Amino acid sequence: MDIKEEIRQMCRDKNAIIMAHYYTDGEIQNIADFVGDSLALAQKAAETEADIIVMCGVHFMGETCKILCPGKKVLVPDPEATCSLAESCPADKFSEFVKAHPGHTVISYVNTTAATKAVTDVVVTSSNARQIVESFPHDTQIIFGPDKNLGGYINSITGRNMLLWDGACHVHERFSLEKILQLKAQHPNAKILVHPECKGPVVKVADKVGSTAALLKFSISDDATEFIVATESGILHEMQKSCPDKTFIPAPPDDSTCACNECNYMKMITMQKLYDCLKNESPEINVDSEVAVKAVRPIRKMLEISAKLGL
Ligand code: 13P
Ligand code: SF4
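Rules behind the numbers
- Residues numbered from 1 in each chain as written.
- Chains lettered and ligands numbered in written order.
- Predicted model: local features only at pLDDT ≥ 70, side-chain atom pairs only at ≥ 80, totals over all residues.
- Heavy atoms only, no water.
- Pairing = 2+ DSSP bridges.
- Helix = DSSP H or I, 4+ residues; strand = E, 2+ residues; numbered from the N terminus.
- Right-handed = clockwise from strand over helix to strand, strands pointing away.
- 1 Å grid on protein atoms, 1.4 Å probe; cavity = no way out; pocket = protein on both sides within 12 Å on 5 of 7 lines; lining within 4 Å.
- Points joined across faces, edges and corners; volume = space filled by probe spheres on them.
- Nonpolar A, V, L, I, M, F, W, Y, C, P; charged D, E, K, R; others polar.
- Near = heavy atom within 4 Å.
- Areas by Shrake-Rupley, 256 points an atom, 1.4 Å probe, with all protein chains shown as cover.
- Sits in = over half its atoms within 2 Å of the grid points.
- Buried < 20%, exposed > 50% of the residue type's maximum accessible area, 1.4 Å probe, protein only.
- Lys, Arg positive; Asp, Glu negative; His and termini not counted.
- Salt bridge = Lys/Arg side-chain N within 4 Å of Asp/Glu carboxyl O.
- Polar contact = N/O pair within 3.5 Å; in protein donor to acceptor, adjacent residues only side chain to side chain.
- Contact = heavy atoms within 4.5 Å.

Asks: Let's hear about the pairing of strand S12 (residues 247-250): which residues, and what values?
Replies: Relative to S12, strand S11 (residues 226-230) runs parallel, the two sharing four bridges. Paired with Glu226 across the two strands is Thr247, which belongs to S12. In this region the chain leaves S11, passes through helix H13 (residues 235-242) and returns to the parallel neighbour S12; the handedness of that crossover is right-handed.

Asks: So what about the layout of surface pockets? Which residues, and what values?
Replies: Empty space among the atoms becomes visible once a probe the size of a water molecule is rolled across them. Its boundaries defined by the atoms lining it, the largest pocket holds a volume of some 490 Å³. Counting only elements with at least two residues in the lining of the largest pocket, the list comes to strand S2 (34-36), helix H3 (38-47), helix H8 (129-134), helix H9 (148-158), strand S10 (208-209) and helix H12 (212-221). Considering every element that reaches the lining of the largest pocket, the biggest residue donor is H9, with four residues. Looking at the lining of the largest pocket, its residues break down into 14 nonpolar, seven polar and four charged.

Asks: Describe in detail the site of ligand 1, supporting the description with residues and values.
Replies: Around ligand 1, the neighbouring residues are His21, Tyr23, Asp37, Ser38, Met61, Tyr109, Asn111, Ser126, His195, Glu197, Ser211 and Thr212. Bound to the protein, ligand 1 loses 97% of the 300 Å² it would expose on its own. More than half of the atoms of ligand 1 fall within 2 Å of the grid points belonging to the largest cavity. Its residues assigned to classes, the shell around ligand 1 shows three nonpolar, seven polar and two charged.

Asks: Residue-level account of the side chain of Lys117, with values.
Replies: With respect to the element layout, Lys117 can be found in helix H7 (residues 114-117). Nearest to the buried, unbridged Lys117 among oppositely charged side chains is Glu63, at 5.4 Å. At a separation of 2.6 Å, a polar atom in the side chain of Lys117 contacts the main-chain carbonyl oxygen of Thr112. Once you skip the residues sitting within four places of it in the chain, Lys117 turns out to touch Phe60, Thr64, Val110, Thr112, Val123, Lys294, Ala295, Pro298 and Ile299.

Printed below as a string of structure tokens:
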């Protein structure tokens, strides 16, 4: 048996499910039982009947699974796969920020550690941030963390004035407006797809702004045959698979000598590490029980609001 067959066999033997984010390598997405954006992965974790969840993604995604499914074993093939955005918001500093602004509802992006979620009222992802913010009365005072770009975008489309934490993703911040416009001049019929973690000027030139799943859906349903894609380049795998006749051009980062439009953390998930972690049932993700009790509420609240809104 080759390594991929052995992985699938271990899943059957151990009643394990492999979930993968769109930013992982194509071969990891291909072997997964379920591939999705952050919201879909959390929704799937909440409903799975598997005994073991292998989260092929970054550490906070494994934590979210464990918080939602405390009785299950949750594995992440490389626990060093963290997230610059989650790390830009240490829980102790965020807690001080929250305390310094009493009377505010705290909304946190899912790209946060469990400890930061524990001081949050409701979690959002890029798929539901707008709708969840709008589910609060317009005069609600809101703290939004940690992504200042997503927060700024939501402020701009909802007319809110949320207080923003000064965090960002090192991949999405590096897309170059100038290079995207050069590409657009070479491909005038191409539509520009942008993730809201990108900086404001890049978001402004988008034909479609959305989560990875929303950008994928748009690329499938839209009549255009060429797309410039300003998000982590792993999503091109599923786009190209869904639409083999369309052309997907990864938006370039500011420095063309580096692969900065790739998330180095997501790319730490390899087939060998996936095999080893299933075989050894390690490394396992665990969350401190006191933290988990606090963090589960805002995650469940997000899932409840999303279900009510049909998201
Ligand atoms: P989505 O999965 O919500 O599109 O977010 C992208 C991301 O950066 C995940 O880390
Ligand atoms: Fe975090 Fe950015 Fe990587 Fe997403 S792309 S996991 S936000 S570092």
